[in-house]
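# Close look at the chain arrangement
For reference, the chains in residue letters:
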Amino acid sequence: MSSYFFVQSLDPFVDRATDTQFSLMSELAAAGNEVSLFLVQNGVVSAASQAVSPEFDKLLDAGIKIYADKFSLWQREIELTQLKKHIESAELHVVIQAMVNGEKVIWN
Amino acid sequence: MKILQVVQSAYRTLVEEQDDTIIWLCENLHCAGADISVLLTGNASFYAVQSKTQPGVRIGDWVQTQPADITRDLANLAEFNVPVYVIKEELAERGLLEKPLLPGVHLMDRRDLSGLYDFFDQVWQW
Amino acid sequence: MNQNNTLTFAFMDPPFESERTITFFRLLDSALDMGVNINVFAYEGAVALGFSRQQTHGNGMHKRDADEENHPLTKNWITSLRDKAERKKLNFEWINCGLCVDERGVMEAIQACSRGGPADFWRCAANSVNTLTIGTR
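Predicted, not measured: the structure shown is a model, and the values here were computed from it.

About the criteria used
- Residues numbered from 1 in each chain as written.
- Chains lettered and ligands numbered in written order.
- Predicted model: local features only at pLDDT ≥ 70, side-chain atom pairs only at ≥ 80, totals over all residues.
- Heavy atoms only, no water.
- Helix = DSSP H or I, 4+ residues; strand = E, 2+ residues; numbered from the N terminus.
- Buried < 20%, exposed > 50% of the residue type's maximum accessible area, 1.4 Å probe, protein only.
- Contact = heavy atoms within 4.5 Å.
- Areas by Shrake-Rupley, 256 points an atom, 1.4 Å probe, with all protein chains shown as cover.
- Lys, Arg positive; Asp, Glu negative; His and termini not counted.
- Charge placed at Lys NZ, Arg CZ, Asp CG, Glu CD.
- Axes fitted to C-alpha atoms, helices over the stretch in contact; angles between N-to-C directions.
- Parallel < 35°, antiparallel > 145°, perpendicular 65-115°, else oblique.
- Left-handed = near helix turned anticlockwise from the far one by under 90°.
- Nonpolar A, V, L, I, M, F, W, Y, C, P; charged D, E, K, R; others polar.
- Arc of directions from axis to C-beta.
- Buried area = accessible area lost by both parts, 1.4 Å probe.
- Salt bridge = Lys/Arg side-chain N within 4 Å of Asp/Glu carboxyl O.
- Polar contact = N/O pair within 3.5 Å; in protein donor to acceptor, adjacent residues only side chain to side chain.

Looking only at helices and strands, chain B features 4 helices and 7 strands. Mapped from its N terminus to its C terminus, chain B presents α and β elements in the order β-α-β-β-β-α-β-α-β-α-β. In terms of overall dimensions, chain B has a C-alpha envelope of 50 × 35 × 25 Å along the principal axes. Out of the 126 residues in chain B, the part that is buried amounts to 51%. Across chain B, contacts joining residues at least 24 apart in sequence account for 69% of those joining residues at least 6 apart. Within the structure as shown, chain B displays about 5800 Å² of accessible surface, and the carbon and sulfur contribution to it stands at 51%. Both charge centroids of chain B, one from 10 positive and one from 18 negative side chains, sit 6 Å from each other.

Dropping the structure here:
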């Protein structure tokens, strides 16, 4: 089993491949891998509680650790209180730490 | 260290290096000693069934004489024994499933993708 | 922290066209904050990030001259990261893809950038604990 760390910069509203990427994360987690997701840039749009993103929402209860970049949230004026459950705001240091830990870090 | 190269962006092939720059990079990385495999995904799936050289462009009086030849580049990877994969469902949704695959390209089911990712130490998504 | 604390990044976007540029530089800055050595392979449009002829300008709509506007230039960000790495005694190697430089005519790069190719990228990746590729779209 492996540790995967996805950095998701694209959003499902513009980029259809984003949903495919979310499905892959679900499948990797279901197969017993440790999966983390770091939302950045427009990737954070899915994190807002009012955002309609069914494939993303499946990740919330899939045992996947989900972070949203503080700076990207700040740019879009998405308050921490507006985030969906199980999402933690974080700095980019989390991505660097995952790289240093030797996780499979994948940018989309 | 085994690395999966995921090629997603496609068809910038006539201006940047007159090839697919990531396929080109993959050939170079292999020649430099990297242990790589290639996954064609998104619209790069088209590459798996490409049979002709890309059409050259004419811009004003300028005529392209060396357009990209993706078929040749994938043949090079096959000759280097670099495995190349394409996802059956991605070909099907683009209406490409009936077309013959280029030699050396392996067809896989989407459900096997997590197993493929697991096989590699690093995944470089382009 | 892992004994081998060198990371390699490959980046493809030109200086001013994408939000990815900002995130990429923020990542490099974070890596230095964490005491990590950095290799960068600038591919395609990213070779212009270190083009020495980038210039700031004023902006009439903002009613600011060049000094007041203080427009960001990626060449300055690279220099700033290189200086930060030096202060922290960390390695900072920036390699521009030579062929990509030639076709764009951006040969005049700042001192912090060197010229290389895919074999240099592989050398960096093979000697790093991890590599992150940020493709263009």
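This brings us to the packing of helix α1 (residues 21-31) of chain B against helix α2 (residues 70-79) of chain B. Relative placement of two packed helices is described by the angle separating their axes and the distance separating the axes. Residue and element names in this part refer to chain B. At a minimum axis separation of 10 Å, α1 and α2 run at an interaxial angle of 25°. In terms of orientation, α1 lies roughly parallel with respect to α2. Pair α1 / α2 crosses with left-handed handedness. Taken together, the residues of α2 that come into contact with α1 (itself represented by Ile23, Cys26 and Glu27) are Asp73, Leu74, Asn76 and Leu77. Classifying every residue of the contact of α1 with α2 gives 4 nonpolar, 1 polar and 2 charged.

Before going further, it helps to examine helix α5 (residues 118-126) of chain C. All of the buried residues along α5(C) are C:Pro118, C:Phe121, C:Trp122, C:Cys124 and C:Ala125. Considered in projection along α5(C), the buried side chains sweep an arc of 160° and stay on one side of the axis.

At the interface, 16 residues of chain A touch 12 residues of chain B. Taken over both partners, the interface formed by chain A and chain B buries close to 1100 Å², and the fraction arising from carbon and sulfur atoms is 47%. Area buried by chain A at its contact with chain B is led by A:Leu24, A:Lys104 and A:Ile106, which between them contribute 37% of it. Taken together, chain A and chain B are joined by 1 salt bridge. Note that B:Glu93 is salt-bridged to A:Arg16, the shortest N-O span being 4.0 Å. Between the two partners, chain A and chain B, sit 7 residue pairs in polar contact (both at pLDDT 80 or more). Secondary-structure elements contributing two or more residues to the side of chain A that touches chain B are α1 (17-30) and β5 (104-107) of chain A.

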